[in-house]
Amino acid sequence: MTQTPLDQADFLDEARRTHAGAPEFLQALEEITADIWPVLEQTPEYRKARVLERLSDPDRIIRFRVSWMRDDGSVAINRGWRVQHSNLLGPYKGGLRFHADVSESEIRFLALEQTVKNALTPLSLGGAKGGSDFDPSGCSEGEIMRFCQAFMMQLAPFIGPRRDIPAGDINVSSREIGYLFGAYRAQTQTFEGALTGKDTGWGGTCLRAEATGYGLVHFASLMAEEAGRSLDGACVAISGAGNVALHAAERALKYGMSVRALSSSQGALAWKTSASQDDIERIKQARKNRNADLESLASELGASWHGGRKAFDIPADVVLPCATQNELDADDAAQLLDQGCWLIAEGSNMASTADAMVRLRETDSVLYAPSKAANAGGVAVSGFEMAENARFSAHNPDDPDAELKRVMADIHTLCLDHAPSKGDYAAGANIAGFHRVARAMLDQGVA
Ligand code: GLU
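Definitions and cut-offs
Residues numbered from 1 in each chain as written. Predicted model: local features only at pLDDT ≥ 70, side-chain atom pairs only at ≥ 80, totals over all residues. Heavy atoms only, no water. Near = heavy atom within 4 Å. Polar contact = N/O pair within 3.5 Å; in protein donor to acceptor, adjacent residues only side chain to side chain. Areas by Shrake-Rupley, 256 points an atom, 1.4 Å probe, with all protein chains shown as cover. Helix = DSSP H or I, 4+ residues; strand = E, 2+ residues; numbered from the N terminus. Nonpolar A, V, L, I, M, F, W, Y, C, P; charged D, E, K, R; others polar. Pairing = 2+ DSSP bridges. Axes fitted to C-alpha atoms, helices over the stretch in contact; angles between N-to-C directions. Salt bridge = Lys/Arg side-chain N within 4 Å of Asp/Glu carboxyl O. Buried < 20%, exposed > 50% of the residue type's maximum accessible area, 1.4 Å probe, protein only.

*Asks:* Sorry if this is basic, but what is going on with the site of the ligand here?
*Replies:* Contacts to the ligand come from 13 residues, most closely from Lys-93, Lys-117, Asp-169, Arg-208 and Ser-382. One of the side-chain nitrogen or oxygen atoms of Lys-129 is found 3.1 Å away from an oxygen atom of the ligand. When the free accessible area of the ligand is taken as 290 Å², the share hidden by the protein chains comes to 95%. A per-element tally of the shell around the ligand places strand S3 (residues 92-98) first, with three residues. Here the residues of the shell around the ligand are counted per class, giving two nonpolar, six polar and five charged.

Shown next, in the form of structure tokens:
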């Protein structure tokens with residue numbers, strides 16, 4: 001092929017051959033392709049420069065083995081990846097995920113999504129993602145530290161403040177970032193902003209931990225406002241009980257919402273009226289002690305436990321999926337619509353399956369925002385942290401939450417401005433992000 005074919009099916013057939021064995025990556029690519037195809041049809045220079053083909057293949061995939069020692073002296077072996085997707089808009093940027101199910105396909109899809117997401121922020125951020133199939137559950141503090149050190153021993157040669165700046169994601173929070181940073185500092189003998197999500201005492205920025213969850217609720221509030229509604233007084237079901245879910249719950253309370261549900265892979269925790277700030281603090285505490293078994297906390301929190309159920313089974317006006325990819329399927333989508341849910345905004349990356357997304361996008365009764373727009377607050381605040389580190393000074397805005405809200409408002413407007421039909425946030429996000437990367441690609445030549 002000498003240029004992008006005019007027929008979308010031909011392009012996708014070729015992509016399926018090239019990226020065989022990477023189902024999540026293909027799911028993300030197909031979703032983006034469907035939205036940007038009309039743009040390609042109208043922009044011959046994009047087709048001629050084969051912008052979409054170039055954007056659908058990561059710049060590079062780094063894959064390494066991580067060997068480390070357990071407390072009992074046995075040797076453990078894991079796989080690690082860093083997918084550097086695109087640095088057209090800035091240095092590679094994106095989180096690290098530690099989970100037993102992590103695969104190369106998962107990291108590749110996350111890196112592609114991150115590239116489009118980061119392009120929606122006004123900042124200079126390329127896209128990347130990394131992680132390992134390391135399962136931290138049941139590990140001691142020493143084991144987690146040794147795993148992080150061994151992981152960084154492999155990753156350090158490929159990152160740096162102008163090259164690639166990892167951050168946290170599932171099971172990687174400020175504690176892991178601390179161990180990773182310590183290993184990077186010792187190994188490279190430099191103190192530099194090669195990671196974000198650091199503690200505020202030594203190079204971190206305020207609100208980074210909260211930013212993804214808080215930004216998500218700000219985005220949902222803007223969506224509601226745009227549709228002439230309000231989050232005040234609405235009830236919300238939030239899936240997950242990790243960093244994004246708990247901070248979304250915290251911010252939802254401040255918007256006057258009742259938090260009806262949180263969940264884990266084991267089941268859903270439901271409140272008749274609402275979780276309180278104290279309940280959220282209690283769950284945060286349990287997570288810190290790596291003891292976040294929601295079921296055992298239910299009675300203490302005055303909540304009921306629904307084993308094997310999802311947060312989406314608890315009726316609510318607003319639903320914020322904040323657990324993991326493809327957690328919301330077509331049946332969940334149908335049930336949410338039946339239950340009268342009127343707003344869904346994704347906190348977890350690619351929370352909805354392809355079928356669920358079609359269902360949610362074709363109905364007018366629900367406002368739907370994809371993760372790449374709604375959860376971009378986290379990486380945007382990482383961008384602030386990078387800028388502060390580059391200046392060797394802390395910025396400390398008077399009201400960091402207001403600053404985050406401004407960023408989310410800009411992304412919201414960008415999505416609406418690029419949406420081919422009113423309120424189509426998913427297409428608006430794909431088109432706006434794609435244009436920004438595509439223009440940079442044209443300007444920078446074939447390289
Ligand atoms: N892991 C987060 C995300 O999915 C944040 C990435 C970052 O701050 O680099 O956007």
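*Asks:* I'm lost on the sheet that holds S3 in this one. Help?
*Replies:* Hydrogen bonding along the main chain pairs the strands of a sheet, whether they run parallel or antiparallel. The five strands are arranged S1-S2-S4-S3-S5 in an open sheet whose pairing can be described as mixed. Each edge of the sheet is formed by a strand with only one pairing partner; in this case those strands are strand S1 (60-69) and strand S5 (164-167). Taking each pair of neighbouring strands and ignoring which way they run, the sheet shows an average axis angle of 20 degrees. Note: S3 against S5, four bridges, orientation parallel. Counted as the bridge partner of Tyr-92 is Asp-164 from S5.

*Asks:* What is the right way to look at the pattern of salt bridges in this model?
*Replies:* For the structure shown, the criterion picks out 25 salt bridges. The salt bridge partner of Lys-198 is Glu-385, with a shortest N-O separation of 2.8 Å. With Lys-198 in the loop between helix H7 (174-188) and helix H8 (208-226) and Glu-385 in helix H15 (residues 377-391), the pair connects residues that are 187 residues apart, well separated along the chain. Asp-329 is the salt-bridge partner of Lys-310, the closest N and O atoms lying 3.9 Å from each other. Of this pair, Lys-310 sits in the loop between strand S9 (304-307) and strand S10 (318-321) while Asp-329 sits in the loop between S10 and helix H12 (330-338), and the two are 19 residues apart along the sequence. Asp-329 sits in the partly exposed class, given a relative accessible area of 28%. Salt bridges linked by common partners bring Glu-31, Asp-35, Glu-113, Arg-361, Lys-372 and Asp-424 together as one network.

*Asks:* I tried to follow the sheet that holds strand S6 (residues 235-239) on my own but got confused; where do I start?
*Replies:* Reading across the sheet, the seven strands line up as S9-S8-S7-S6-S10-S11-S12 and stay open at both edges, with mixed pairing between neighbours. At either margin of the open sheet sits one strand with a lone partner, and together these are S9 and strand S12 (367-369). Averaged over all pairs of adjacent strands, the angle between strand axes in this sheet comes to 15 degrees, irrespective of strand direction. By the bridge criterion, three bridges tie strand S11 (residues 343-345) to S12 in an arrangement that is parallel. Bridge pairing links Ile-344 to Tyr-368 in S12.

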